[in-house]
Amino acid sequence: MDRLICGDVGYGKTEIAVRAAFKAVQDGKQVAVLVPTTLLAQQHYNTFAERMAQFPVEIAQLSRFATGAEAARTVQRLADGTVDVVIGTHRLLQPTVRFKQLGMVVVDEEQRFGVAHKEFLKQLRTAVDVLTLSATPIPRTLEMAITGIREMSTIATPPEERHPVLTYVGAQQDKQIAAAIHRELLRDGQVFYLHNRVESIERAARRIRDLVPEARVAVAHGQMGESTLERVMVGFWEKEYDVLVCTTIVESGLDIPNANTLIVERADLLGLAQLHQIRGRVGRARERAYAYFLYPADRPLTEPAHERLATIAQHTELGAGMYVAMKDLEIRGAGNLLGGEQSGHIEGVGFDLYVRMVGEAVQQFKGEQPAEEESEVKVDLPVDAHLPHDYIGVERLRLEAYRRLASARTGAELDEVVAELTDRYGQPPPEVANLVAVARFRLLARGYGLTDVSLQGRHIRFGPLELPDSKQLRLSRYHPEAVWKRTVQTVSVPRPATRRVGGEPLRDTALLDWCATLLRDVLGDPVPVAAPGT
């Protein structure tokens, strides 16, 4: 197994890791859980130990929070098989770490690891399952999942009573920072204040103390001693401090439910996935959470920085992590599948063509027959068919619905899409019913081999159509004014009206029904369209 689990921040990826690890231990295998930071290693160690306390499972930690003697003892116990689950940072990837019977490797926060680390894990993969967890997969990994090189599962359901984080992006102002901290303190909450420069972090902490004198302020960063950092984080967890001024050491996976306000200085210097991950540190309980992404008022934003901040401001809904990762892939490029670059744009061909080419190569390697491309059916008729903004308000969901309707290849698939739309958004209005009717007519036209049904002046054109003599007679009997042009294989029929004299031209579903009836009258029943893969 080499599977990527993509679920937004706080959606329960750790729970999947705990259960998968327990299943592997039950089968007599060892499990290695690889995390990017010592803080996350400590949190996971506590979680695993609490969940498996009732079972004879031996859990150990390997990070810089462990002393040299403790680390050496853990490595020895891994080699002789007395440790079942080990949770550690990059220390796990050193050649000196040996396992007696490693069965599964769990990689948490995949986007924080380089290609070299992941390739090292692949050397173990002949007999080891790899489970990778991430809310925002790095572009190279996401693209490998999209093209079918890696398997991917998505967690789409948020936890109960979870609210989206209210996000503000704007210029930095001391008054606003003070007001945000005051508001959080009034409801007995805690604040993350992210200042990503170690050399000036103490100065930033002093400024917060001056702005909000009553707040208890602590500082945390990666260059602190192990015992000091652990003491600060435990103190923040136990609510001894109100404001934690920190670097991005808190980015990955930390779960402090009482902290529900996040303030980020110089958000313009952070990556898109980083911004989303950091925002995931708040809003992990039932209280409404707030995130402030600030940039200097006196400096212009670069174009990529503006695009990153605009994306993070627009996509605040629950489950936006996958979209953020896709946008990151679009902004930064997919990198090199066979090399070390995890981002970077493709030269020579466009992205869609590149993904299709890679997908076909993967299918060929797996021995699968690439699906034959079906001809596109152009339906250009006067039909008011669209998804109104007041029916589906979110642009991303609206585009997804258009894509689902367009990709339906059978009437049953189309019925499933309509049932889902009705269930999620309510009874479809007339415009949506028209859109479904167009999709249904497109399926019918494809069954007859048509690629074009369009209005040309006062006539409707159907093509291409090969009409033997018997069907030409049938066409002239049903529609005496129709013309079949043998050279271009098209049929041109006058546009119908509600009445022969003085009537209004037909439009919308009435026109689509008329076109469908004409095709059935002249050509008989269509050849049924088989579902893909049957």
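Everything that follows concerns the structure shown earlier in this document.
Predicted model only: the values in this text are computed from it and were never measured.

Reading guide: rules and limits
Residues numbered from 1 in each chain as written. Predicted model: local features only at pLDDT ≥ 70, side-chain atom pairs only at ≥ 80, totals over all residues. Heavy atoms only, no water. Helix = DSSP H or I, 4+ residues; strand = E, 2+ residues; numbered from the N terminus. Buried < 20%, exposed > 50% of the residue type's maximum accessible area, 1.4 Å probe, protein only. Contact = heavy atoms within 4.5 Å. Expected span 1.5 Å × (residues − 1). Salt bridge = Lys/Arg side-chain N within 4 Å of Asp/Glu carboxyl O. Axes fitted to C-alpha atoms, helices over the stretch in contact; angles between N-to-C directions. Parallel < 35°, antiparallel > 145°, perpendicular 65-115°, else oblique. Left-handed = near helix turned anticlockwise from the far one by under 90°. Right-handed = clockwise from strand over helix to strand, strands pointing away. Arc of directions from axis to C-beta. Pairing = 2+ DSSP bridges. Core = buried A, V, L, I, M, F, W, Y, C linked by side-chain atoms within 4.5 Å. Phe/Tyr/Trp six-rings, centres within 6.5 Å; stacked < 30°, edge-to-face > 60°. Lys NZ or Arg CZ within 6 Å of the ring centre and 35° of its normal.

## Some remarks on the overall build of the protein
Now for step 1: Looking only at helices and strands, one finds 17 helices and 18 strands in the protein.
Now for step 2: Scored against the burial criterion, the 534 residues of the protein give a buried share of 46%.
Now for step 3: Within the protein, contacts between residues at least 6 apart in sequence are counted, and of these 75% link residues at least 24 apart.

## Let's talk about helix α2 (residues 38–51)
Now for step 1: Taking 1.5 Å per residue, 14 residues should reach 20 Å; α2 reaches 20 Å between its end C-alpha atoms and fits that length.
Now for step 2: All of the buried residues in α2 are Thr 38, Leu 39, Leu 40, Ala 41, Gln 42, Gln 43, His 44 and Phe 48.
Now for step 3: Elements in contact with the buried residues of α2: α1 (13–26), β2 (30–34), β3 (59–62), β4 (85–88) and α8 (226–237).

## What to know about the pattern of salt bridges
Now for step 1: Evaluation of the coordinates by the stated rule reveals 16 salt bridges.
Now for step 2: Among the ionic pairs, Arg 51 bridges to Glu 15, the shortest N-O distance being 2.4 Å. One end of the pair, Arg 51, is in helix α2; the other, Glu 15, is in helix α1, with 36 residues separating them in the sequence.
Now for step 3: Salt-bridge contacts for Asp 174 lead to Arg 207; the nearest nitrogen and oxygen are separated by 4.0 Å. With Asp 174 in helix α6 (residues 174–186) and Arg 207 in helix α7 (residues 201–211), this residue pair connects regions lying 33 residues apart in the sequence.
Now for step 4: One network of salt bridges, with partners in common, ties together Glu 15, Arg 19 and Arg 51.

## Topic: the packing of α1 against α2
Now for step 1: At a minimum axis separation of 11 Å, α1 and α2 run at an interaxial angle of 55°. Relative to α2, the element α1 lies oblique. With respect to the hand of their crossing, α1 and α2 are arranged in right-handed fashion. Of the residues in α2, those touching α1 at Thr 14, Glu 15, Ala 17, Val 18 and Ala 21 are His 44, Thr 47, Phe 48 and Arg 51.

## Overview of the pairing of strand β10 (residues 217–220)
Now for step 1: Of the two faces of β10, both are covered, the one formed by Val 217 and Val 219 as well as the one formed by Ala 218 and Ala 220.
Now for step 2: Tracing the backbone out of β10, into α8 and back to the parallel element strand β11 (residues 243–246) gives a crossover that is right-handed.

## A few points about helix α14 (residues 411–425)
Now for step 1: Spanning 15 residues, α14 covers 21 Å between terminal C-alpha atoms, matching the ideal 21 Å at 1.5 Å per step.
Now for step 2: Among the residues of α14, those classed as buried are Leu 414, Val 417 and Leu 421. Seen from one end, α14 has its buried residues packed into an arc of 60°, which puts them on one side. Across from the buried face of α14, at angles greater than 90 degrees, the exposed residues are Glu 416 and Asp 423.
Now for step 3: After α14 finishes, the residue Gly 426 shows a positive phi value of roughly 100°.

## Overview of the sheet that holds strand β5 (residues 102–107)
Now for step 1: Strand order in the open sheet formed by seven strands is β3-β4-β2-β5-β6-β1-β7, with parallel pairing between adjacent strands. The sheet terminates laterally at β3 and β7 (151–155), the two strands that pair on one side only. Each strand axis lies, on average, 20° off the axis of its neighbour in the sheet, ignoring direction.
Now for step 2: Note: strand β1 (residues 2–7) against strand β6 (residues 129–134), five bridges, orientation parallel. From the neighbouring strand, Ile 5 faces β6, where its bridge partner is Leu 133.
Now for step 3: Strands β1, β2, β4, β5, β6 and β7 of the sheet are contacted by α1, whose axis makes an angle of about 165° with β6.
Now for step 4: Packed on one face of the sheet, helix α3 (residues 68–80) meets β2, β3 and β4 and runs near 130° to β3.

## What about the sheet that holds strand β12 (residues 259–264)?
Now for step 1: Across the sheet, which stays open at both edges, the six strands sit in the order β8-β13-β12-β9-β11-β10 with parallel pairing between neighbours. Edge positions in the open sheet fall to β8 (166–171) and β10, since each of these has one partner strand only. The average undirected angle you get between the axes of adjacent strands in this sheet is 20°.
Now for step 2: When β12 meets strand β13 (residues 290–295), the two strands line up parallel, connected through four bridges.

## So, the pairing of strand β15 (residues 452–456)
Now for step 1: With three bridges connecting them, strand β14 (residues 378–380) and β15 associate as parallel partners. Looking at the pairing, Val 379 lines up with Val 453 of β15.
Now for step 2: Bridge analysis of β15 against strand β16 (residues 459–463) gives five bridges, and the strand direction is antiparallel. Its bridge partner lying in β16, Ser 454 is registered against Arg 461.

## Description of the nonpolar core
Now for step 1: Ranked by size, the top nonpolar core spans 32 residues in total, and within it Phe 192, Ala 220, Leu 229, Leu 244, Leu 262, Val 264 and Phe 293 carry the most contacts.
Now for step 2: Where this core is concerned, the elements lending two or more residues are β9 (190–194), β10, α8, β11, β12, α9 (272–279), β13 and α10 (303–314).
Now for step 3: Per element, the largest residue contribution to this core is four residues, and it comes from α8.
Now for step 4: If we skip the residues at most four places from it in the chain, Leu 229 touches Thr 38, Leu 39, Arg 64, Phe 65, Ala 220, His 221, Met 224 and Ile 249.
Now for step 5: Core analysis: the next-biggest nonpolar cluster, separate from the first, contains 30 residues, Leu 450, Ile 460, Leu 465 and Val 491 among them.

## Comments concerning the environment of Ala 218
Now for step 1: Structurally, Ala 218 can be placed in strand β10.
Now for step 2: Among the residues examined, Ala 218 registers a relative accessible area of 5% and is labelled buried.
Now for step 3: As for Ala 218 and Val 243, which are separated by 25 residues in sequence, their C-alpha atoms are 6.3 Å apart.
Now for step 4: Discounting residues that sit within four places of it in the chain, Ala 218 has contacts with Val 232, Tyr 241, Val 243, Leu 244 and Val 245.

## Notes on the environment of Ile 256
Now for step 1: Secondary-structure assignment places Ile 256 in the loop between β11 and β12.
Now for step 2: Given the relative accessible area of 5%, Ile 256 is considered buried.
Now for step 3: Counting along the chain gives 19 residues from Ile 256 to Trp 237, while the straight-line C-alpha distance between them is 6.4 Å.
Now for step 4: The residues touching Ile 256, leaving out its near neighbours within four places in the chain, are Gln 190, Phe 192, Met 233, Phe 236, Trp 237 and Arg 281.

## Brief notes about the environment of Gln 314
Now for step 1: Mapped onto the fold, Gln 314 is located in helix α10.
Now for step 2: When the C-alpha positions of Gln 314 and Val 169 are compared, they lie 10.0 Å apart, and in sequence the two are 145 residues distant.

## Section: the packing of aromatic side chains
Now for step 1: Per the counting criterion, the structure on display carries four aromatic pairs.
Now for step 2: Ring centres of Phe 192 and Phe 236 lie 5.4 Å apart, and the angle between their planes is 55°; this geometry places the pair in the tilted category. Of the two residues, Phe 192 is situated in strand β9 and Phe 236 in helix α8; the sequence distance between them amounts to 44 residues. Of the two residues, Phe 192 and Phe 236, both sit in the buried class.
Now for step 3: The cationic tip of Arg 183 hangs over the ring face of Tyr 290; the distance from NZ or CZ to the ring centre is 4.0 Å.

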